[in-house]
Amino acid sequence: MNDQLARLNRLPLRTNLRGLTPYGAPQLDVPILLNVNENTHGVPADVQAAIAAAVTEAAVGLNRYPDREFTELREALAEYLGHGLDAANIWAANGSNEVLQQILQAFGGPGRKVLGFPPTYSMYPLLASGTDTEYIVGQRAEGYGLSAESAALQVKELQPNIVFLCSPNNPTGTGLGLDVVEAVYAAGEASNTIVIVDEAYHEFAHDGTPSALTLLPGRERLIVSRTMSKAFALAGARIGYMAAAAEVTDALRLVRLPYHLSAITQAAALAALQHRTALMADVQDIKEQRDRIVTELTRMGLKPAASDSNYVFFGGLDSPHEVWQQLLDAGVLIRDVGIPGHLRVTAGTERETTAFLTALEGILASQAKLPA
Ligand SMILES: *Cc1c(COP(=O)(O)O)cnc(C)c1O
């Protein structure tokens with residue numbers, strides 16, 4: 001045991017936190033960063049200017065606490081989402097991670113359980129332990145699919161208080177059919193289960209892919225979570241949000257810290273929402289790079305999963321960690337998600353995507369492991 005861990009364990013840490021390590025995707029200084037699904041196109045110039053102006057204006061009033069209800073932002077988010085939603089249906093926090101944490105604080109906690117279906121977002125079990133909610137591991141089919149029948153059966157059997165459905169799923173990139181959401185919701189009727197659909201990447205889905213937002217009417221236990229970290233290129237601003245029945249937002253008001261969303265955060269989010277045209281053009285470009293990665297990896301004999309996100313999960317590698325390291329040596333950081341034979345890469349700009357594809361092809365050739 002290293003010294004720091006030994007010292008940590010002398011503290012009166014909660015039992016369920018002992019031995020845990022913090023979330024830690026490597027933050028390395030590498031020219032091409034395609035490891036945490038950021039929007040690498042950056043913030044468009046007009047959005048930068050609008051945010052700077054809005055923040056300057058907000059700075060005037062920073063001696064006062066911000067609007068605790070961030071009403072203007074909730075109205076703008078409702079307008080962005082559409083689907084007949086209004087401000088009463090919307091809640092936001094410092095990243096969707098904080099929204100998810102608040103949901104667990106309100107509906108999870110000691111003696112309660114949350115069901116997830118790995119491989120899925122690595123934050124779910126950490127959010128569970130942070131709120132002392134038991135994390136139960138659901139089963140997927142071979143190839144990581146999740147059918148409506150299987151998911152519903154598991155919810156019926158396990159009776160979790162909360163279910164995480166991630167669509168498109170991180171790290172696999174593949175979307176869930178709305179039939180899965182409907183079946184899970186219905187299966188959670190007896191256990192009064194809260195169903196969270198994490199749509200962090202919805203804007204990158206292929207045209208015509210329906211959102212779980214369409215299922216909200218009449219389903220008061222359903223929550224659809226979104227973020228401005230990915231499509232809106234605002235990972236650094238920390239703004240996530242959710243849409244649900246108005247009583248769900250009331251539940252989150254019970255656990256949020258007062259004034260949790262700073263005036264600067266509210267101003268930045270509003271400015272970005274008002275200037276989203278250029279952002280959405282970049283999303284379109286990212287989708288093209290994503291499709292290009294799938295095509296090119298297939299040509300190289302690898303096995304990319306179908307992706308409705310801004311990243312591609314691909315298999316067919318004999319030694320993924322070695323390939324990951326060699327890409328890093330070539331100045332391209334992607335993600336080793338610890339799944340045998342697989343890696344995950346974020347779709348970058350055309351130039352970054354080309355650098356990744358070229359480096360990868362070189363590595364595969366030098367390994368002489370290009371499948372026939
Ligand atoms: C990136 C990501 C998020 C976003 O988290 P933020 O806290 O909003 O930055 C949420 N869910 C999944 C599955 C993600 O991959």
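Our subject is the structure that appears above.
Rules of the game
- Residues numbered from 1 in each chain as written.
- Predicted model: local features only at pLDDT ≥ 70, side-chain atom pairs only at ≥ 80, totals over all residues.
- Heavy atoms only, no water.
- Buried < 20%, exposed > 50% of the residue type's maximum accessible area, 1.4 Å probe, protein only.
- Helix = DSSP H or I, 4+ residues; strand = E, 2+ residues; numbered from the N terminus.
- Pairing = 2+ DSSP bridges.
- Axes fitted to C-alpha atoms, helices over the stretch in contact; angles between N-to-C directions.
- Contact = heavy atoms within 4.5 Å.
- Near = heavy atom within 4 Å.
- Polar contact = N/O pair within 3.5 Å; in protein donor to acceptor, adjacent residues only side chain to side chain.
- Areas by Shrake-Rupley, 256 points an atom, 1.4 Å probe, with all protein chains shown as cover.
- Salt bridge = Lys/Arg side-chain N within 4 Å of Asp/Glu carboxyl O.
- Lys, Arg positive; Asp, Glu negative; His and termini not counted.

A.B. asks: Where do I start with the pairing of strand β10 (residues 311-315) in this structure?
C.D. replies: Consecutive residues of a regular strand have side chains that alternate between opposite faces of the sheet. By the criterion of burial, β10 is predominantly enclosed, with five of the five residues buried. Covered by surrounding structure in β10 are Tyr311, Phe313 and Gly315 together with Val312 and Phe314, the residues of both alternating faces. What sits between strand β9 (residues 303-304) and β10 in their antiparallel hairpin is a turn of six residues. Pairing analysis gives four bridges linking β10 to strand β12 (residues 343-346), with the strands arranged antiparallel. Residue pairing across strands places valine 312 opposite valine 345, the latter belonging to β12.

A.B. asks: What exactly am I supposed to notice about the sheet that holds strand β2 (residues 90-93) here?
C.D. replies: With mixed pairing, the seven strands of this open sheet are ordered in space as β2-β8-β7-β6-β5-β3-β4. In the strand order of this sheet, the two ends are held by β2 and β4 (134-137), each with one partner. The average angle at which neighbouring strand axes cross in this sheet is 25°, direction not considered. Relative to strand β8 (residues 240-244), strand β7 (residues 222-227) is paired through five bridges, and the arrangement is antiparallel. Residue pairing for β8: isoleucine 223 is matched across the bridge by alanine 244. Strands in contact with helix α3 (residues 71-81) are β2, β7 and β8; relative to β2, the strand with the most contacts, it is inclined by about 115°.

A.B. asks: Just to check I follow, could you spell out the site of the ligand for this structure?
C.D. replies: The ligand sits among 13 residues. The nearest are Asn97, Tyr201, Thr227, Ser229 and Lys230. Residue lysine 230 places a side-chain N or O atom 3.4 Å away from an oxygen atom belonging to the ligand. A distance of 2.8 Å separates an oxygen atom of the ligand from a polar side-chain atom of arginine 238. In isolation the ligand offers 390 Å² of accessible surface; the protein chains occlude 95% of this area.

A.B. asks: Even after reading the chapter, I still don't get the pattern of salt bridges, so can you show me in this structure?
C.D. replies: Opposite charge on two side chains lets them pair, provided their charged atoms get close. Tallied over the entire structure, the rule returns 14 salt bridges. Glutamate 182 is the partner of arginine 219 in a salt bridge, and the nearest nitrogen-oxygen pair spans 3.6 Å. Taken together, the residues arginine 219 in the loop between β6 (194-198) and β7 and glutamate 182 in helix α7 (residues 178-187) connect sequence positions 37 residues apart. A relative accessible area of 36% places glutamate 182 in the partly exposed class. With a closest N to O distance of 2.8 Å, aspartate 250 and arginine 253 form a salt bridge. In this pair, aspartate 250 and arginine 253 both sit in helix α8 (residues 246-253), three residues apart, roughly one turn of the helix. When salt bridges that share partners are traced, they join Glu69, Arg74, Asp250, Arg253 and Arg256 into one network.

A.B. asks: Hey, could you run me through the side chain of glutamate 98 in this one?
C.D. replies: Tracing the backbone shows glutamate 98 in helix α4 (residues 96-107). Of the side chains with opposite charge, arginine 238 comes closest to the buried, unpaired glutamate 98, at an N-O distance of 8.3 Å. Once residues lying within four places of it in the same chain are set aside, the contact partners of glutamate 98 are Ala93 and His260.

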